Amino acid sequence: MKAIRIHQFGDPDVLKLEDAPLPAVGAGQVLVKVQAIGVNPVETYQRSGSNPAIQLPWTPGMDAAGLVEAVGAGVTELQRGDRVYTSDTVTGSYAEFVLCDQTSVHRLPANLSFQQGAAINIPYATAYRALHHRARALAGEVVLIHGASGGVGIAATQMARAAGLSVIGTAGTDAGRKLVAEQGAHHVVDHRDSGYLEQILQLTEGRGVDIILEMLANVNLGKDLTVLAKHGRVIVIGSRGNVEITPRELMKRDADIRAMTLFNASASELASIHAALGAGLENGTLRPVVGREMRLADAAKAHVAVLEPGAYGKIVLLP
Ligand code: NAP
């Protein structure tokens, strides 16, 4: 089969399309014939060497959608031909076939394309964990989704709207802001506009927001604290550097800064998250948005694109 492999950590051009052996299916495992692959920022960090424990050569990727090709002994819930999406893999999803543990393979509802299936796992599971497990969001609260036009932000916007929150989303381009509004945000502001924090305070009549889902904490965390309501909480989802904050802004509000990484979710939490996502995908409240499709051979270009400003939903690769 064809697969992207890296033999050394580095810039995007270390991603090479190569021939790789078709994985053998063991007990409790599922082999998926991949139809689409989700590209996430985390794979660019891993490719650069953020996790030196990764054994090379290595195929990136956790997220894919496709058809079950074969199942190992003991797998009773899935069979050849089933439409599925993956939430983790044994062999890496940037490939024509991917081997997974059966617990990482979930049914893809018939109303979703494979491209949408590839856009589910990291963005939607992260948004769910941030909103429900970490922020403990309640219907009626106001949430600021700080970076709503990308993979996690779109997921969070749809989810928060469906859960009865009042949603303020941000994006840095006109196209991004239109997209965020279409996904159900009640208000959309431009995080590149110098007056946007003032606008957020005006939208909440000076009270501030109860929850902030923060995609770029190194730029925003200090400012976030100034637009929080009393007892507000910031959930740090993404950060690419250091930041200075004024603790007194937290003290004034009895406020919390919380953080998360999806990799810390336990097996039972993940099972619960994917049960919730399955329901939302089936009933249409969760609708992954694919902004760009590229060939698997163009994985290097996709790694450049996923870090560029002007996010518009997900980038997926097609094998
Ligand atoms: P993405 O699709 O590239 O989206 C990035 C988002 O951040 C876009 O909405 C972008 O808007 C926005 N953004 C850019 N500059 C901003 C600024 N100054 N203030 C606020 N927002 C800004 O990425 P993603 O997949 O949604 O992931 C978002 C972040 O979360 C990444 O850093 C990723 O590594 C991290 N993440 C963490 C976890 C975890 O487990 N903690 C899981 C998934 C992702 P414009 O492009 O319109 O400016």
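Residues numbered from 1 in each chain as written. Predicted model: local features only at pLDDT ≥ 70, side-chain atom pairs only at ≥ 80, totals over all residues. Heavy atoms only, no water.

**Thoughts on the overall build of the chain**
- A count of helical and extended segments in the chain gives ten helices and 15 strands.
- For the chain, whose C-alpha radius of gyration is 20 Å, the value lies close to the compact-globule estimate of 20 Å for 319 residues.
- On the principal axes, the C-alpha backbone points of the chain span a range of 60 × 40 × 35 Å.
- For the chain, the residues scored as buried account for 53% of the 319 residues in total.
- Within the chain, counting contacts between residues at least 6 apart in sequence, those at least 24 apart form 65% of the total.
- Accessible area of the chain: about 13,700 Å², with a carbon and sulfur share of 50%.
- Between the mean site of the 29 positive side-chain charges and the mean site of the 31 negative ones, the chain shows a separation of 1 Å. (Helix = DSSP H or I, 4+ residues; strand = E, 2+ residues; numbered from the N terminus. Rg over C-alpha atoms; globule rule 2.2 N^0.38 Å. Buried < 20%, exposed > 50% of the residue type's maximum accessible area, 1.4 Å probe, protein only. Contact = heavy atoms within 4.5 Å. Areas by Shrake-Rupley, 256 points an atom, 1.4 Å probe, with all protein chains shown as cover. Lys, Arg positive; Asp, Glu negative; His and termini not counted. Charge placed at Lys NZ, Arg CZ, Asp CG, Glu CD.)

**A closer look at the side chain of glutamate 249**
- Turning to its location among the elements, glutamate 249 is positioned in helix H8 (residues 247-253).
- Within the local environment of glutamate 249, its side chain forms a polar contact with the side chain of lysine 252, the two groups lying 3.3 Å apart.
- Within the structure, glutamate 249 has its side chain in polar contact with the side chain of arginine 253 (distance 2.8 Å).
- In contact with glutamate 249, not counting residues within four places along its chain, are Leu225 and Thr226. (Polar contact = N/O pair within 3.5 Å; in protein donor to acceptor, adjacent residues only side chain to side chain.)

**Let's talk about the packing of aromatic side chains**
- In this structure the tally under the stated criterion is zero aromatic pairs.
- The ring of phenylalanine 114 has arginine 83 lying over it, and the distance from NZ or CZ to the ring centre is 4.6 Å. (Phe/Tyr/Trp six-rings, centres within 6.5 Å; stacked < 30°, edge-to-face > 60°. Lys NZ or Arg CZ within 6 Å of the ring centre and 35° of its normal.)

**Points about the domain arrangement of the chain**
- With domains assigned, the chain is organised as domain 1 (2-120 + 288-318) and domain 2 (123-263).
- Between the C-alpha centres of domain 1 and domain 2 there is a distance of 28 Å.
- Counting from both sides, the interface comprises 18 residues of domain 1 and, opposite them, 16 residues of domain 2.
- Across the domain 1 to domain 2 interface the summed buried area is about 1,100 Å²; carbon plus sulfur atoms make up 63%.
- Scanning the region where domain 1 abuts domain 2 turns up three residue pairs in polar contact (both at pLDDT 80 or more).
- If you tally residues by element for the side of domain 1 that touches domain 2, the top one is helix H1 (residues 41-48), at four residues. (Domains from an automatic or database assignment. Buried area = accessible area lost by both parts, 1.4 Å probe.)

**Quick look at the site of the ligand**
- Around the ligand, the surrounding shell holds 29 residues, and the nearest of these are Tyr45, Ser149, His191, Leu262 and Gly310.
- Between the ligand and methionine 260, the relevant distance is 2.9 Å, taken from a nitrogen atom to a main-chain nitrogen or oxygen of the residue.
- Within the contact set of the ligand, an oxygen atom lies 2.8 Å away from a backbone nitrogen or oxygen of glycine 310.
- When the free accessible area of the ligand is taken as 920 Å², the share hidden by the protein chains comes to 87%.
- Where the shell around the ligand is concerned, the elements lending two or more residues are H1, helix H3 (121-134), helix H4 (151-162) and helix H7 (217-224). (Near = heavy atom within 4 Å.)

**Considering the sheet that holds strand E9 (residues 166-171)**
- Taken together, the six strands give an open sheet; going across it, the order is E10-E9-E8-E11-E12-E13, and neighbouring strands pair in parallel fashion. Two strands lie at the open edges of the sheet, namely strand E10 (187-190) and strand E13 (256-259), each paired on one side alone. Adjacent strand axes in the sheet meet at a mean angle of 20 degrees, parallel and antiparallel pairs treated alike.
- Here E9 runs beside E10; their pairing, made up of four bridges, is parallel. Directly across from threonine 170, in E10, lies its bridge partner valine 189.
- Across the sheet, helix H5 (residues 174-182) touches E9 and E10, and the angle it forms with E10 is around 160 degrees.
- In the packing of helix H6 (residues 196-203) onto the sheet, contacts are made with strand E8 (142-146), E9, E10 and strand E11 (209-214), and the angle to E10 comes to roughly 160 degrees. (Pairing = 2+ DSSP bridges. Axes fitted to C-alpha atoms, helices over the stretch in contact; angles between N-to-C directions.)

**Topic: the side chain of arginine 177**
- By secondary structure assignment, the location of arginine 177 is in helix H5.
- A relative accessible area of 18% means that arginine 177 is categorised as buried.
- In this structure the side chain of arginine 177 is engaged in a polar contact, spanning 3.3 Å, whose partner is the side chain of aspartate 190.
- Setting aside anything within four residues of it in sequence, one finds arginine 177 in contact with Ala171, Gly172, Val188, Val189 and Asp190.

**Examining H5**
- Every buried residue of H5 is accounted for by Gly176, Arg177, Leu179 and Val180. Take H5 and look down its axis: the buried residues cluster within an arc of 160 degrees, on one side only. Exposed residues lying more than 90 degrees from the buried face of H5 are Asp174 and Lys178.
- Check the buried side of H5 and you find it contacts H4, E9 and E10.
- Directly after H5, the chain includes glycine 184, whose backbone phi takes a positive value near 115 degrees. (Arc of directions from axis to C-beta.)

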